[in-house]
Amino acid sequence: MPVPLLDVNAQNRPLEQELIEAFTRVLRSGRFILGDEVEAFEAECAAFIGAGHAVSMSSGTDALLAAFMALGIGPGDEVLCPAFTFFATAGCIARTGAVPVFCDVCPVTFNLDLSSATARVTPRTKAIVPVHLFGQAAEMDALRDFAAEYNLQVVEDVAQSIGATYHGCGCGTLGDIGCFSFFPSKNLGGFGDGGLVTTNDAELAEKLRRIRNHGMHPRYYHSSVGANFRMDALQCALLRVKLRHLGDYTTGRVVNANYYIDHLSRMSGVVQAGVAVDSTTARIVLPVASARNRHVWNQFTLRVIGPDQREALKSHLAMQGIGCEIYYPVALHHQECFKHLPAHAIQTCPVSEALTHEVLSIPVYPELSASQRDEVISAIGVWLGV
Ligand SMILES: *Cc1c(COP(=O)(O)O)cnc(C)c1O
């Protein structure tokens, strides 16, 4: 049986009747922009995440852009962000006119390494963007101390980590603004684009609501320049159906990830991240969930050690019909569009650079069957020759 990297139909098919009902409700309401469905979805998201306020946005990218606009980030400012993340994190910083300053990441959690940020902070630094990559919170206690010391705003990129917690607190409630995505491959995957920002600051929430709607308040009066960052009422209504199941989806991901860790870690050549990796014996490094975090496993990402080994495993899995993908093949400080940035912004990030040659994400989506999971495990076993 082929094992895709993700199977959105397997998740959506059982919800078909509920989704049709939601569609019909919006169709008959005739209200397609803002309104009750949008407000209800926002209230339900705020409750799920544990945030004071939630404002829906047209995408995760627009959520990030709106967040930087609301915090007044712009030309002359610098914003610290990881070099190893999806492009949007840094693209939105650049779009405000500010400079994204790329920091290295931790090889165990894949998240921002504060010692690298400390080496790059300047008097122009205005904000820092921890990305809770692959479903796990960044090291937020130390990051918040660092942000307080240098008077930086904290924008969390929670696109991959809805429902994740850090010391029991929801990701997206740990900084000034949290930014979420409902792109179909995210843990709460929509039917098109969608996004959300969260904040515990009522004034900031109001600012974000205005920015989302052309900076307009009252109608046809614009005290600041905003944009059209609105999420469709239809998308909100459909996602309200899926949000009710998100807890179960997350449980499915956690079960799959633990099963992988349990079975793969018994194979010779496979080690857990965290111990010093001995590259003469270690061939695959498994991801780990830190005890203080609730990891929601948007991706289950292996590190494959040794020259050309990642490509070899990738083609072996592809030949067995197993979906896998490289997140991410190029570190952001090496992207062509950032090569004109000041040298200080694009300093070398050795861990990020190494990861781009080692990482390989394998299927961990909640609907993966027990036999599909076993197929992935045995295919990796065959490749290792164990
Ligand atoms: C998906 C993603 C985004 C962007 O979200 P979109 O909804 O696709 O615009 C931003 N940051 C990270 C880390 C992401 O994974």
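The shown structure was predicted, so the numbers you read here are calculated from the model rather than taken from an experiment.

Details of helix α12 (residues 350–358)
Three- or four-residue spacings in an α-helix give side chains the same orientation, since the helix completes a turn every 3.6 residues. Ser352, Glu353, Leu355, Thr356 and Glu358 are the residues of α12 that are buried. Buried-residue contacts for α12 involve β3 (99–103), β13 (300–304), α11 (309–319) and β14 (359–362).

Digging into the domain arrangement of the protein chain
According to the domain assignment, the protein chain consists of domain 1 (8–243) and domain 2 (246–384). Here the C-alpha centre of domain 2 lies 25 Å away from the C-alpha centre of domain 1. Contact residues are listed per partner, giving 48 residues for domain 1 and 42 residues for domain 2. Counting each side, the surface lost to burial between domain 1 and domain 2 is near 3800 Å², with a carbon and sulfur contribution of 60%. The interface formed by domain 1 and domain 2 contains 1 salt bridge. A salt bridge links Arg292 to Glu139, with the nearest nitrogen and oxygen atoms 2.3 Å apart. Counting across the interface, domain 1 meets domain 2 through 24 residue pairs in polar contact (both at pLDDT 80 or more). For the side of domain 1 that touches domain 2, the secondary-structure elements that each account for two or more residues are α1 (8–12), β2 (78–82), α5 (88–95), β3, β6 (165–166) and α9 (233–243). Element by element, the count of residues in the side of domain 1 that touches domain 2 is highest for β3, at 5 residues. Partitioned by chemical class, the residues of the side of domain 1 that touches domain 2 number 28 nonpolar, 14 polar and 6 charged.

Considering the packing of helix α4 (residues 60–70) against helix α8 (residues 202–212)
Look at α4 against α8: their axes get within 10 Å of each other, and the N-to-C directions meet at 120°. Comparing their axes, α8 and α4 come out oblique. For α4 against α8, the interelement crossing comes out right-handed. Counting all contacts with α4, which are made through Ala66, Ala67, Met69 and Ala70, the residues of α8 involved are Leu204, Lys207, Leu208 and Ile211.

Notes on the sheet that holds strand β12 (residues 293–294)
In space, the 3 strands of this open sheet follow the order β7-β6-β12, with antiparallel pairing throughout. Two strands bound the open sheet, and with one partner strand each, they are β7 (169–170) and β12. Direction of pairing for β6 relative to β7: antiparallel, over a ladder of 2 bridges. The residue bridging Thr165 from the neighbouring strand is Gly170, located in β7.

Rules and cut-offs
Counting restarts for each chain: residues are numbered from 1 in the order of the written sequence. Per-residue local features of the predicted model are confined to residues with pLDDT of at least 70, and side-chain atom pairs are confined, for both listing and counting, to 80 or more; whole-chain, interface and lining totals are unaffected and use all residues. The basis for the side-chain values is all heavy atoms of the structure; hydrogens and waters are excluded. Type-normalised accessible area, obtained with a 1.4 Å probe on protein chains alone, sets the label of each residue: buried when under 20%, exposed when over 50%, and partly exposed for intermediate values. Strands here are runs of E lasting at least two residues and helices are runs of H or I lasting at least four, both read from the DSSP assignment and numbered beginning at the N terminus. The criterion used for residue contact is that any of the two residues' heavy atoms lie within 4.5 Å. Throughout, the edges of the domains are those of an automatic or database domain assignment. When two parts are brought into contact, each loses some accessible area as probed by a 1.4 Å sphere; the total of that loss over both is the buried area. In the sections that follow, a salt bridge refers to a side-chain nitrogen of Lys or Arg positioned within 4 Å of a carboxyl oxygen of Asp or Glu. Side-chain atoms alone can form a polar contact between residues adjacent in sequence; in general such a contact is a pair of N or O atoms within 3.5 Å, and within protein one must be able to donate a hydrogen while the other accepts it. Only Asp, Glu, Lys and Arg are considered charged in this grouping, and only Ala, Val, Leu, Ile, Met, Phe, Trp, Tyr, Cys and Pro are considered nonpolar; every other residue, Gly among them, is considered polar. Convention adopted: a line fitted to C-alpha atoms gives each axis, helices being fitted over their contacting stretch, and angles between N-to-C directions are expressed from 0 to 180 degrees. What sets the label is the angle itself: under 35 degrees gives roughly parallel, over 145 gives roughly antiparallel, 65 to 115 gives roughly perpendicular, and the rest give oblique. Left-handed is the label given to a crossing in which the near helix is rotated counterclockwise from the far helix by less than a right angle, and right-handed is the label when the rotation is clockwise. Any two strands with at least two DSSP bridges between them are considered paired.

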